[in-house]
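The residues making up each chain are set out below.
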Amino acid sequence: MDVHVRRVIPITYEMVAKAYQKVRKGGKTPGVDDESWAEFESKGVERELYVIWNRMASGSYFPREVKRIEIPKKDGSKRKLGIPTMRDRIAQEVVKDYMEKRIDVKFHENSYGYRPMKSSRDALMEVRKNVREKDWVVDIDISKFFDEIDHGLMLKAVEAMMEEKWVSLYVKRWLEMKVQLPTGEIEESNGKGTPQGGVISPLLANLYLHFALDQWLKTHYPSVTFVRYADDMILHCGSEQEAQHILATLKTRLTEVKLRLNEQKTKIVYCKDYRRKALHDKSQFGFLGFSFQPRKVPSTHQQGRSYTLFTGEISRENQTRIRDEIRTCADWHNTTLDPEYFAHKLNSKLRGWINYFGLFGKRQLRNTMVYVDSRLVKWLMRKHKTGFRASQRLLVALHTRRPDLFYHWTVGMTTYKRITRAV
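Predicted model only: the values in this text are computed from it and were never measured.

Positioned with a positive phi, lysine 258 is a non-glycine residue whose angle comes to about 65°. On the secondary structure map, lysine 258 appears in the loop between α10 (240–256) and β8 (267–270). Unusually for a residue other than glycine, leucine 288 sits at a positive phi of about 55°. Inspection of the secondary structure assignment puts leucine 288 in the loop between β9 (285–287) and β10 (290–298). With relative accessibility at 17%, the residue leucine 288 sits in the buried group.

Now the structure itself:
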């Protein structure tokens, strides 16, 4: 062990051990060294953490390259992820935790992404409140944000918040990490970007946008309300003229901070007087998996009556994604299985979808959950070699006998009339 190393940075072994416990619960994909958590632990956890601590505390810690992984996006392009080694994840968590305790309290209250005591649910609730108070929305999409973060401006932001030079030292090393491409080639840093997949990247993204947008809006446009979740941002304006003006000046501001708008995805949306919506060609926007648009909602005062409200429900893209997941996560063609198999495969997913997408209206979510029942009916038809009506009766009998078998049954997310239409 590095027992004679002079420790000049105030990082303790306890900080490293705590960081290990936290990141150990996260991603399991190995980095460029192909070392898994099991392999790391087989060498002796205390010994390996001691080595990381000695190197970090002495300033002699240097990260390995990150492994580039590309995953498909909804628009057909690919998102580039950078996977650090297990040891680099521990080191990043040490510094991230140290920074977060000191700077999170300085962030804007309407920044919600990857922050302690804040959540996507909080951000969505704030957006719903704001669209009822202001008529216009600017739906902001920053083009390739994590790939475009300027290293020089990023380090200035760190230095503005953190006096400790060792923090900037380590952030600089992480920003300058080389990348191992899927081909095995090594790519040098080009002075911009922080890898999605890095433990410290979300905090750095919040810090960058705190100065680039949050503080700028607070200073120059205090009348504009905004909600930001990482690089997803919604601006709420009182008039179309204000929305157009802020969008024009925002383009200039983003250029100043070495970023740019995705012009195709950024738009101005009208979200108030639905009788006038024909005068504006855009009357919906998406945020965190929800589609906000005019919807018919039942009146709480007059039974059988409804009214139009601008609010959120699960987006069409996520309805499709959930159906695809239901269709592919289980072996629906295997007639030797039993219903308990499908419940085991689906219930944790159903619980997560319903708890998240059931935040506002549930009509579209209920229609999506009924797809489970339609798949069960088709499976029963194959298993028992019966027609649709007979298989539907079998499912009704199963529901009556085991109402808690599937999670969506326990929360009333099924009607057999909808099954008839879905099959």
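On we go from here.
Taking 1.5 Å per residue, 14 residues should reach 20 Å; helix α14 (residues 388–401) reaches 20 Å between its end C-alpha atoms and fits that length. Three or more residues of α14 are buried, namely Phe388, Ser391, Gln392, Leu395, Leu398 and His399. Projected onto a plane normal to the axis of α14, the buried residues spread over an arc of 115° and lie on a single side. Residues of α14 that are exposed and point more than 90 degrees away from the buried face comprise Arg393, Thr400 and Arg401.

Together, Lys73, Arg79, Lys80, Lys144 and Arg260 line one region of the surface with positive charge. Turning to its location among the elements, arginine 79 is positioned in strand β2 (residues 78–83). Take arginine 79: its relative accessible area is 32%, and that puts it in the partly exposed class.

This paragraph deals with the sheet that holds strand β7 (residues 232–237). Spatially, β6-β7-β3-β8 is the arrangement adopted by the four strands of the open sheet, whose pairing is antiparallel. Taken across any chain shown, the strands that pair with only one partner, and hence form the sheet edges, are β6 (225–229) and β8. Sheet twist, expressed as the average angle between the axes of neighbouring strands with direction ignored, equals 20°. Here β6 pairs with β7 via five bridges, running antiparallel. Across the sheet, the residue bridging to arginine 228 is methionine 233, located in β7. Running over the sheet, helix α9 (residues 201–220) touches β6 and β7 and is turned about 175° from β6. Lying over the sheet, α10 contacts β3 (136–141), β7 and β8, oriented at roughly 20° with respect to β3.

A few words now on helix α13 (residues 363–384). Look at α13: 32 Å from first C-alpha to last across 22 residues, which is about the 32 Å you get at 1.5 Å a residue. Two residues or fewer past α13, lysine 385 is found with a positive phi of approximately 55°.

One finds Ile90, Met99 and Leu235 to be the most contacted residues of the largest nonpolar core, which totals 74 residues. Considering every element that reaches this core, the biggest residue donor is α9, with 10 residues. Every residue in contact with isoleucine 90, bar those within four places of it in the chain, is listed here: Val16, Ala19, Tyr20, Val23, Trp37, Phe40, Leu49 and Ile52.

As enumerated under the stated definition, the model contains 26 salt bridges in all. Across the pair aspartate 97 and lysine 18 runs a salt bridge whose closest N-O atoms are separated by 4.0 Å. With a gap of 79 residues between them, aspartate 97 in helix α4 (residues 86–103) and lysine 18 in helix α1 (residues 13–23) connect regions that are remote in the sequence. The salt bridge involving arginine 87 is made with glutamate 48; its shortest N-O contact spans 2.6 Å. Of this pair, arginine 87 sits in helix α4 while glutamate 48 sits in helix α3 (residues 45–58), placing them 39 residues apart in sequence. We note that arginine 87, like glutamate 48, is buried. The network of salt bridges with shared partners includes Glu35, Lys43, Arg47, Glu48 and Arg87.

Criteria and thresholds
- Residues numbered from 1 in each chain as written.
- Predicted model: local features only at pLDDT ≥ 70, side-chain atom pairs only at ≥ 80, totals over all residues.
- Heavy atoms only, no water.
- Helix = DSSP H or I, 4+ residues; strand = E, 2+ residues; numbered from the N terminus.
- Buried < 20%, exposed > 50% of the residue type's maximum accessible area, 1.4 Å probe, protein only.
- Expected span 1.5 Å × (residues − 1).
- Arc of directions from axis to C-beta.
- Patch = residues over 30% accessible without salt bridge, like charges linked within 9 Å, V, L, I, M, F, W, Y side chains within 5 Å.
- Areas by Shrake-Rupley, 256 points an atom, 1.4 Å probe, with all protein chains shown as cover.
- Salt bridge = Lys/Arg side-chain N within 4 Å of Asp/Glu carboxyl O.
- Lys, Arg positive; Asp, Glu negative; His and termini not counted.
- Charge placed at Lys NZ, Arg CZ, Asp CG, Glu CD.
- Pairing = 2+ DSSP bridges.
- Axes fitted to C-alpha atoms, helices over the stretch in contact; angles between N-to-C directions.
- Contact = heavy atoms within 4.5 Å.
- Core = buried A, V, L, I, M, F, W, Y, C linked by side-chain atoms within 4.5 Å.

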